[in-house]
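For reference, the chains in residue letters:
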Amino acid sequence: MKLDKIIAVRTNKTVYRDGDLAVKVFDSDFSKADILNEALNQAKIEETGLNIPKIKSVTTIDGKWAIVSEYIEGKTLARLMEENPDKFDEYLELFVDLQMKVHSMKAPELNSLKDKMDRKISQTDLDATTRYELHTRLNSMPKHNKVCHGDFNPSNIIITSDGTPYILDWSHATKGNASADVARTYLLFWLDGNIDGAKKYLDMFCKKSDTARQYVESWMPIVAASQSVKGKPEEREFLHSWVNVVDYE
């Protein structure tokens, strides 16, 4: 396996291209359980029939764990949005339609979004009163079993030359309430500095899915707290401000 063409560098991992394969190599100190869970998530999502890169193998390379998948030739939706700002709304509609398609799927064996967020809230450095309020709010939310991507943003969508979209990176996939997934995407637009895009996204998603904006907003403190656990230090203060955006009753 040749690892001489880097196509992406992320925190604790590097993605290489080897012919028609994409090889994601994790740092040696990366959790083996998390790597195997990511591979399992990807395999479970394959079974839904969504357009995603098919997993080929899980292996070790020079003592480091790696996930080998199909390489999808194309441009990310983020890049297309940047190169064609006049088509932003058109691309955004495609993005929303794709996310709604994800939410229409079921994968019963995925981990629970609620359980994951419950653990994350407990791991935050927020004070006990705030954590209690967040746990209470989370546990009062309606229970759903929809597929939630967990990191749905334009850089995780590849558009091939014939216009076919593929959805990448299923490491955070869970089953749960779609509005939590939407709140996370909204925050990701904010963290990327695209405030106008965030507002357009939320308006469009709520309109197309007939979801009350207030319902998505009620998830934002919970999602922001969850995101802050592994968030970059410079993002943590911003995320903490979102935890307190909504007054608790």
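Described below are features of the structure shown in this document. Because the structure is predicted, anything quoted here is derived from the model rather than measured. (Residues numbered from 1 in each chain as written. Predicted model: local features only at pLDDT ≥ 70, side-chain atom pairs only at ≥ 80, totals over all residues. Heavy atoms only, no water.)

**Examining the environment of Glu90**
Thinking step 1. Mapped onto the elements, Glu90 comes out in helix α3 (residues 88-103).
Thinking step 2. Sequence separation between Glu90 and Arg184 is 94 residues; the distance between their C-alpha atoms is 21 Å. (Helix = DSSP H or I, 4+ residues; strand = E, 2+ residues; numbered from the N terminus.)

**Concerning the pattern of salt bridges**
Thinking step 1. By the definition in use, this model includes nine salt bridges.
Thinking step 2. With its nearest N and O atoms 2.6 Å apart, the salt bridge here joins Lys24 to Glu38. Linking Lys24 in strand β3 (residues 21-26) with Glu38 in helix α1 (residues 32-46), this pair joins segments that are 14 residues apart in sequence.
Thinking step 3. Looking at Lys24, the relative accessible area reads 16%, which means it is buried.
Thinking step 4. Here Glu38 falls in the buried class, since its relative accessible area comes to 4%.
Thinking step 5. Among the charged side chains, a salt-bridge network with shared partners connects Lys75, Arg79 and Glu83. (Salt bridge = Lys/Arg side-chain N within 4 Å of Asp/Glu carboxyl O. Buried < 20%, exposed > 50% of the residue type's maximum accessible area, 1.4 Å probe, protein only.)

**Quick look at the nonpolar core**
Thinking step 1. If you look at the biggest cluster of nonpolar residues, it comprises 53 residues, and the most contacted ones within it are Trp170, Tyr201 and Trp219.
Thinking step 2. Each residue touching Tyr201, except ones within four places of it in the same chain, is listed here: Leu92, Phe95, Val96, Gln99, Val182, Thr185, Tyr186 and Phe189.
Thinking step 3. Formed by six residues, the second largest nonpolar core is a distinct cluster that contains Tyr16, Val23, Ile61 and Ala66. (Core = buried A, V, L, I, M, F, W, Y, C linked by side-chain atoms within 4.5 Å. Contact = heavy atoms within 4.5 Å.)

**Concerning the packing of helix α5 (residues 128-140) against helix α8 (residues 213-230)**
Thinking step 1. Their axes nearest at 10 Å, the elements α5 and α8 cross at an angle of 125 degrees. On the basis of the axis angle, α5 is oblique to α8. Viewed along their axes, α5 and α8 form a crossing whose handedness is left-handed. Residues Leu134, Arg137 and Leu138 of α5 lie in contact with α8, whose contacting residues are Ser218, Trp219, Pro221, Ile222 and Ala225. (Axes fitted to C-alpha atoms, helices over the stretch in contact; angles between N-to-C directions. Parallel < 35°, antiparallel > 145°, perpendicular 65-115°, else oblique. Left-handed = near helix turned anticlockwise from the far one by under 90°.)

**With respect to the state of the cysteines**
Thinking step 1. A complete count under the given rule lists zero disulfides for this structure.
Thinking step 2. Note on Cys148: no disulfide assigned, nearest cysteine sulfur contributed by Cys206 at a separation of 15 Å.
Thinking step 3. Taking the relative accessible area as the measure of exposure, Cys148 reaches 0% and is therefore buried.
Thinking step 4. Among the residues examined, Cys206 registers a relative accessible area of 8% and is labelled buried. (Disulfide = S-S within 2.5 Å.)

**A few points about the sheet that holds strand β4 (residues 55-61)**
Thinking step 1. Taken together, five strands build an open sheet; the order of strands is β1-β2-β3-β5-β4 and the sheet is antiparallel. For this open sheet the edge positions go to β1 (6-10) and β4, each flanked by a neighbour on one side alone. Strand after strand, the sheet turns through a mean of 20 degrees between neighbouring axes, direction not considered.
Thinking step 2. Packed onto the sheet, α1 meets β3, β4 and β5 (64-70) and runs at close to 15 degrees relative to β5. (Pairing = 2+ DSSP bridges.)

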